[in-house]
Every structure is written in C-alpha cells, then in structure tokens.
Amino acid sequence: MIKQAQVMVVTPHPDDAEFGVAGTVARWTGEGKDVIYVVCTNGDKGTSDTDVKPNELASIREQEQLAAAKLLGVREVIFLHYPDQALEDTPEFRKEIVRLIRMYRPETVVTADPYRRYIWHRDHRITGQVTLDAIFPYARDSLAYPDLLKQGLQPHKVKEVLLWGSEEPNHHSNITDTFDIKIAALRCHKSQLGDSTSPESEQRLRERHRKMAEGEDYELAEAFHRLEIHW
Ligand SMILES: [Zn+2]
C-alpha cells in the first residue's frame, strides 16, 4: 500500500529528531507538507536511573515521541523497536528502510550524519549509513527486492537528503519562527531532559541555533549536510 509523504525522518532514538530537525519539521508541516517519522530503536538504555526497567522506559519514550510528533504536526510515527545500543547494519534493517521508502515515496529523507568522527553514538552512525544505503541503490533498483516488487512496492528515487549532526554542514534551514515549537517538542522528552528545561539551557540552545544561522539574514537555523540526488 502506498501512503505518499513528502518528508521521511529516520531517527535512531526517540528525541534525536527533535534535536536535529524539529524546527524545520514544524516549518514544513506549517506549509502543508506531509512528514512522517521512522524511529529505529526503542531507547530503552537512555537513562541513568537504575530504578526504571528497560521495557518501562521504552514505553515512556514511545509516548514522549508521539507527543513531540503531534506538537510538530507529524502525520505518522513508525516504531521499528530495535533495541537501544544494539542497532546493527543488517540486511533486515536495510530492507525495512527500503520498504518504508518505497511505501511512503518521500522526496526528502532526513537522518543522522553517519560520517561524524570519533565520539558519535553507534546507533546514530548505523542509522545514517543504513538509510543512505537504502536510498541508493536498494530503493532505486527494481531487482534489489523482488518480493517487495510483488507487494506493489515499486522502486523510488529520493531527491534530497538532509543529515543532522554533520561536521560539514552546507545547508541552513530557517527555524526563527518555529524555534519555540522545537523547544516545546524537546520538552516532551521528559525522561531525557533531567534539569535541562531551565531558561539557561533554552538560552544555550538558542545560542547554538543562532551560530548555525551565521551569514544568513534570519536569526535561528538548523544546519545540515544536504545532498541533492540527480538520478
Ligand atoms: Zn540518539
């Protein structure tokens, strides 16, 4: 079944998309674009609280992600439920991303930059790499998955990729008008924030996004490494 969406955000954990692209997502949905999220892991290791059980944490984080997505106007959130800190570059994971790309047929895919060096969460690296591999060549080539073709999932060519967390950003997206919604969406991730909901931390975040807008004629930006794919 085809459920066309213009933008697909592939996020390693619940909350990464809010840090990386929420301001831009809010702008897009405000412009009437259909945005969907694919959340790869269940985030069940994301705590220093030794009292909370992993399965409880996973369900809390799922609810937090749904609340954030709702605020941002995201149409649909798909949870793949891979275990946190255990994502691997497997044929199954790659095929799942291909299946979703062929089903939703996005023009733009947004994910974590896999080429950030040294200290970078392994799940982020793997999510970014597998998503890029899925876009090319696997989503494009009809012979890649004959069974997907039989299910009516035709090859699809993504036109644009935006990578957050990049050491080589080449694209700025104006989030001046949507920064407050980004903050509100981040605050939905209560289990992850601890005391970082203070005015000081909001100010630090604003400063970070102001730096990302340097050289632009607006105040706040999210920065990406952008690829335009000419097929
Ligand atoms: Zn993460």
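See the structure shown above.
Residues numbered from 1 in each chain as written. Predicted model: local features only at pLDDT ≥ 70, side-chain atom pairs only at ≥ 80, totals over all residues. Heavy atoms only, no water.

Observations regarding the nonpolar core
The tendency in soluble globular proteins is for nonpolar side chains to be buried as a group. Ranked by internal contacts, the top residues of the largest apolar core, which has 29 residues, are M8, V38, L80, F93, I97, I101 and Y104. Of all the secondary structure elements, the ones that give two or more residues to this core are β1 (7-11), β2 (35-41), β3 (76-82), α3 (91-104), α4 (122-138) and β5 (160-164). A per-element tally of this core places α3 first, with 7 residues. Contact partners of L80, with chain neighbours within four places excluded, come to V38, V39, C40, F93, E96, I97 and L100. Grouped together as the second largest cluster of nonpolar side chains are 25 residues, V9, A22, V35 and Y37 included. (Core = buried A, V, L, I, M, F, W, Y, C linked by side-chain atoms within 4.5 Å. Buried < 20%, exposed > 50% of the residue type's maximum accessible area, 1.4 Å probe, protein only. Helix = DSSP H or I, 4+ residues; strand = E, 2+ residues; numbered from the N terminus. Contact = heavy atoms within 4.5 Å.)

Some thoughts on helix α1 (residues 16-30)
Taking 1.5 Å as the rise per residue, α1 with 15 residues should run 21 Å; its terminal C-alpha atoms sit 21 Å apart, in good agreement. Taken as a whole, α1 carries its principal kink of about 70 degrees at A22. Counting buried positions over the 15 residues of α1 gives 12, a clear majority of the element. Regarding α1, the residues found buried are D16, A17, E18, G20, V21, A22, G23, T24, V25, A26, W28 and T29. Where α1 ends, the next residue or the one after it, G32, has phi of about 95 degrees, a positive value. (Expected span 1.5 Å × (residues − 1). Bend = angle between axes of the 7 residues up to and from the residue.)

A closer look at the packing of aromatic side chains
The tally for this structure, following the rule as stated, stands at 3 aromatic pairs. Consider the rings of Y138 and Y145, whose centres lie 6.1 Å apart with planes at 40 degrees: the pair is tilted. On the accessibility criterion, Y138 (27% relative accessible area) is partly exposed. For Y145, a relative accessible area of 9% corresponds to the buried category. Positioned above the aromatic ring of Y138, the side-chain terminus of R94 is 4.5 Å from the ring centre. Lying across the ring of W120, R116 places its NZ or CZ 5.2 Å from the centre. (Phe/Tyr/Trp six-rings, centres within 6.5 Å; stacked < 30°, edge-to-face > 60°. Lys NZ or Arg CZ within 6 Å of the ring centre and 35° of its normal.)

Considerations on the sheet that holds β2
Paired through backbone hydrogen bonds, the strands of a sheet run either parallel or antiparallel to each other. Spatially, β3-β2-β1-β4-β5-β7-β6 is the arrangement adopted by the 7 strands of the open sheet, whose pairing is mixed. The open sheet has two free edges, formed respectively by β3 and β6 (171-174), since each of these has just one partner strand. Strand-to-strand twist across the sheet, computed as the mean angle between neighbouring axes with direction ignored, equals 25 degrees. Direction of pairing for strand β4 (residues 108-112) relative to β5: parallel, over a ladder of 5 bridges. Looking at β5, one finds that T111 is bridged to L163. (Pairing = 2+ DSSP bridges. Axes fitted to C-alpha atoms, helices over the stretch in contact; angles between N-to-C directions.)

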